[in-house]
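Below are the chains, spelled out letter by letter.
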Amino acid sequence: MAEQYANPSAFSMDSFRLDGQVALVTGASYGIGFAIATALAKAGAKIAFNDRDPEKIAASESSYAKEGIKAKGWVADVTKVDEVEQLVKDIEGHFGTTPDILVNNAGIIKRIPMLEMTAEDFRQVVDIDLNGPFIVSKACLPGMIAKNHGKIINICSMMSELGRETVAGYAAAKGGLKMLTRNICSEFGEHNIQCNGIGPGYIATPQTAPLRERQPDGSRHPFDSFIVAKTPAARWGTPVDLMGTAVFLASDASSFVNGQVIYVDGGILAYIGKQPQ
Ligand code: NAP
Ligand code: GCO
């Protein structure tokens, strides 16, 4: 019997839709997480999010409401197994099902020269940026396995590929997160679960605000100028730049993409940088 090939005419743009699915975006009170959750909602997903601060949860729910999104937030620290397990139970109780989509977005950075960085500083960054995604993924995977469908998106970083001074803990964590992405892909692909990463470039959010602060004389921060020179797009990214890639990786349009990190960086990783004038 002739081999049967899938018929391209069966493709529909509905494969980019997320209607009827529940997405958990960690640390999505603001910044990149808020933008990604907004994108997933615009594609039809119901949104759950968490933060450590109850006041931020309430404020964020009204921010989502201003976008026409009925996002539900819970207080949970991604490094606390009991809080995360309770979060997943609360999501199931509220939405009637466990998360179909998980975006491991919550993260911190500490910019300290390594010889001045304490082991506790290093541990705290790795705990949130790497142990956190492990803990939350482990809490969400059983529900995805039961449904034989799931999407996990890990927010990696250029520091999953490159180092720089003062970010030893962050680079180690984000490098590990790239490999956790590949391992979840390997261990759960047979359950129709895809785990991929998004590697943002330098994005204008509260996390990078110190790198863009104007100098006392009103001039641009040297790092700000450095990044603009290093980026072919000649600008910082914004959280909006990440929204389309998040929808793609959360949708069935990417059902054969697994274990990859898509860098949304304006070309910075491909570019040696503009010659100083
Ligand atoms: P951000 O503005 O600092 O937001 C980080 C979010 O994570 C906040 O909502 C924060 O909540 C939450 N969070 C931190 N620790 C948490 C914990 N233990 N449990 C739960 N929530 C926690 O950062 P961002 O720039 O939006 O970055 C978001 C993600 O993208 C991070 O993983 C970051 O490493 C990554 N990233 C950022 C850039 C960039 O240039 N901005 C580039 C590449 C990758 P609180 O307010 O309670 O702390
Ligand atoms: C830094 C920045 C970067 C960005 C991002 C780049 O201090 O170098 O915070 O680490 O946050 O991770 O992809």
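In case you missed it, the structure is sitting above this.
Now for a description of the structure that goes with this document. The model shown is predicted, which means the values in this text are computed figures rather than measured ones.

### What to know about the site of ligand 1
And then number 1: Around ligand 1, the structure places 28 residues, and the nearest of them are Tyr 30, Asp 51, Arg 52, Lys 56 and Thr 205.
And then number 2: Here a nitrogen atom of ligand 1 and a side-chain polar atom of Asp 77 are 2.9 Å apart.
And then number 3: The separation between an oxygen atom of ligand 1 and a polar side-chain atom of Thr 205 is 2.5 Å.
And then number 4: Compared with its free state, where it exposes 890 Å², ligand 1 has 94% of that area covered by protein.
And then number 5: A molecule is said to occupy a pocket when more than half its atoms come within 2 Å of that pocket's grid points, and by this definition ligand 1 occupies the largest pocket.
And then number 6: Within the residue set of the shell around ligand 1, elements represented by two or more residues are helix H1 (31-42), strand S2 (46-51) and helix H5 (168-188).

### Things to note about the pattern of salt bridges
And then number 1: Considering all chains together, one arrives at 8 salt bridges under this definition.
And then number 2: Between Glu 161 and Lys 178 there is a salt bridge, with its nearest N and O atoms 3.2 Å apart. Linking Glu 161 in the loop between strand S5 (150-155) and H5 with Lys 178 in helix H5, this pair joins segments that are 17 residues apart in sequence.
And then number 3: Of the charged contacts, one joins Asp 224 and Arg 220 as a salt bridge, the two residues approaching to 3.1 Å between their closest N and O atoms.

### So, the nonpolar core
And then number 1: The biggest cluster of nonpolar side chains holds 47 residues, and the ones touching the most others in it are Leu 24, Ile 91 and Tyr 202.
And then number 2: Among the secondary structure elements, those contributing two or more residues to this core are strand S1 (22-26), helix H3 (81-95), helix H4 (119-147), H5, strand S6 (193-200) and helix H6 (222-230).
And then number 3: Residue-level mapping places this core at the junction of two domains, with at least three residues from each of domain 1 (15-201 + 237-267) and domain 2 (204-236).
And then number 4: For Ile 91, the residues in contact, after removing those within four places along its chain, are Val 22, Leu 24, Ala 48, Trp 74, Gly 96, Thr 97 and Pro 99.
And then number 5: Of all hydrophobic cores here, the second largest spans 33 residues; its members include Leu 18, Ala 43, Ile 101 and Val 247.

### Quick word on the layout of surface pockets
And then number 1: In this structure, the largest pocket spans a volume of roughly 810 Å³.
And then number 2: Together, 38 residues line the largest pocket, and Asn 105, Ala 106, Gly 107, Ile 108 and Gln 207 are the ones closest to its centre.
And then number 3: Listed by contribution, the elements that provide at least two residues to the lining of the largest pocket are H1, S2 and H5.
And then number 4: Residue contributions to the lining of the largest pocket peak at 3 residues, all from H1.
And then number 5: Across the lining of the largest pocket, the residue classes tally to 19 nonpolar, 11 polar and 8 charged.
And then number 6: Mapped onto the domain boundaries, the lining of the largest pocket takes at least three residues apiece from domain 1 (15-201 + 237-267) and domain 2 (204-236).
And then number 7: What the second largest pocket holds in volume is close to 200 Å³.
And then number 8: Around the second largest pocket sit 14 residues that line it, and Met 158, Leu 162, Tyr 202, Phe 226 and Lys 230 are the ones nearest its centre.
And then number 9: Residue composition of the lining of the second largest pocket, by class: 10 nonpolar, 1 polar and 3 charged.
And then number 10: Counting residues domain by domain, the lining of the second largest pocket receives three or more from each of domain 1 (15-201 + 237-267) and domain 2 (204-236).

### Concerning the packing of aromatic side chains
And then number 1: Evaluated as defined, the whole model comprises 8 aromatic pairs.
And then number 2: The ring of Trp 74 has Lys 72 lying over it, and the distance from NZ or CZ to the ring centre is 5.5 Å.
And then number 3: Its guanidinium or amino end placed over the ring of Trp 236, Arg 212 lies 5.0 Å from that ring's centre, counting from NZ or CZ.

### Observations regarding the packing of H1 against helix H2 (residues 54-66)
And then number 1: Two elements in contact, H1 and H2, have axes whose closest approach is 11 Å; the angle formed by their N-to-C orientations is 40 degrees. Relative to H2, the element H1 is oriented oblique. Considering only the axes of H1 and H2, their crossing is right-handed. Residue-level contacts link Gly 33, Phe 34, Ala 37 and Thr 38 of H1 to Ser 60, Ser 63 and Tyr 64 of H2.

### A few points about the site of ligand 2
And then number 1: Near ligand 2 you find 14 residues, and of these Arg 111, Ser 157, Arg 164, Tyr 170 and Tyr 202 are the closest.
And then number 2: Within the side chain of Gln 207, one N or O atom sits 2.8 Å away from an oxygen atom of ligand 2.
And then number 3: When the free accessible area of ligand 2 is taken as 330 Å², the share hidden by the protein chains comes to 97%.
And then number 4: The site holding ligand 2 turns out to be the largest pocket.
And then number 5: For the shell around ligand 2, the per-class residue count stands at 8 nonpolar, 4 polar and 2 charged.
And then number 6: Residue-level mapping places the shell around ligand 2 at the junction of two domains, with at least three residues from each of domain 1 (15-201 + 237-267) and domain 2 (204-236).

Cut-offs and rules
- Per chain, the residues get numbers from 1 upward, laid out in the order the sequence is written.
- As they are written, the chains are lettered A onward and the ligands numbered 1 onward, keeping that order.
- Restriction of local features to residues with pLDDT of at least 70 applies here, the model being predicted, together with a cutoff of 80 or more for giving and counting side-chain atom pairs; totals for whole chains, interfaces and linings are based on all residues.
- With hydrogens and water excluded, all non-hydrogen atoms of the structure serve as input to the side-chain values.
- Each residue is tested against the molecule or strand, and it is near if at least one of its non-hydrogen atoms lies within 4 Å.
- For this analysis, a polar contact is any N or O atom pair within 3.5 Å, provided that within protein one partner can donate a hydrogen and the other can accept it, and provided that sequence-adjacent residues contribute only side-chain to side-chain pairs.
- The Shrake-Rupley method, run with a 1.4 Å probe, gives the accessible areas here. Residue values count only the displayed protein chains as cover.
- A cavity here means a set of points on a 1 Å grid, drawn over the protein atoms and nothing else, where a 1.4 Å probe fits but cannot get out; a pocket is an open set with protein on both sides within 12 Å along at least five of seven lines, and a residue lines either one if it has an atom within 4 Å of a point.
- To qualify as sitting in a cavity or pocket, a molecule needs more than half of its atoms within 2 Å of the grid points.
- The way it works is that DSSP assigns letters per residue, a run of H or I at least four long becomes a helix, a run of E at least two long becomes a strand, and they are numbered from the N terminus.
- Salt bridge criterion: a side-chain nitrogen from Lys or Arg within 4 Å of a carboxyl oxygen from Asp or Glu.
- Definition used in this section: a nonpolar core is a set of buried Ala, Val, Leu, Ile, Met, Phe, Trp, Tyr and Cys residues joined via side-chain atoms within 4.5 Å.
- A 1.4 Å probe rolled over the protein chains alone gives each residue an accessible area, and that area as a share of the maximum for its type sets the label: buried under 20%, exposed over 50%, partly exposed in between.
- Domain start and stop points were drawn from an automatic or database domain assignment.
- We call two residues contacting when some pair of their heavy atoms lies within 4.5 Å.
- Grid points are joined across faces, edges and corners, and a volume is the space filled by probe spheres set on the points.
- Any residue outside Ala, Val, Leu, Ile, Met, Phe, Trp, Tyr, Cys, Pro, Asp, Glu, Lys and Arg is labelled polar, Gly included; the first ten of those are nonpolar and the last four are charged.
- In summary, the pairing rule links any two rings of Phe, Tyr or Trp, Trp by its six-membered ring, whose centres are within 6.5 Å, and it sorts them by plane angle into stacked for under 30 degrees, edge-to-face for over 60 and tilted for everything else.
- In this scheme, Lys NZ or Arg CZ marks a charge over a ring once it lies within 6 Å of the ring centre and within 35 degrees of the ring normal.
- Axes here refer to lines fitted to C-alpha atoms; in helices the fit is confined to the stretch in contact. Angles between the N-to-C directions go from 0 to 180 degrees.
- Note that the term roughly parallel is reserved for angles under 35 degrees, roughly antiparallel for angles over 145, roughly perpendicular for angles of 65 to 115, and oblique for everything else.
- Helix crossings are classified by the rotation of the near helix relative to the far one: an anticlockwise turn of less than a right angle makes the crossing left-handed, while a clockwise turn makes it right-handed.

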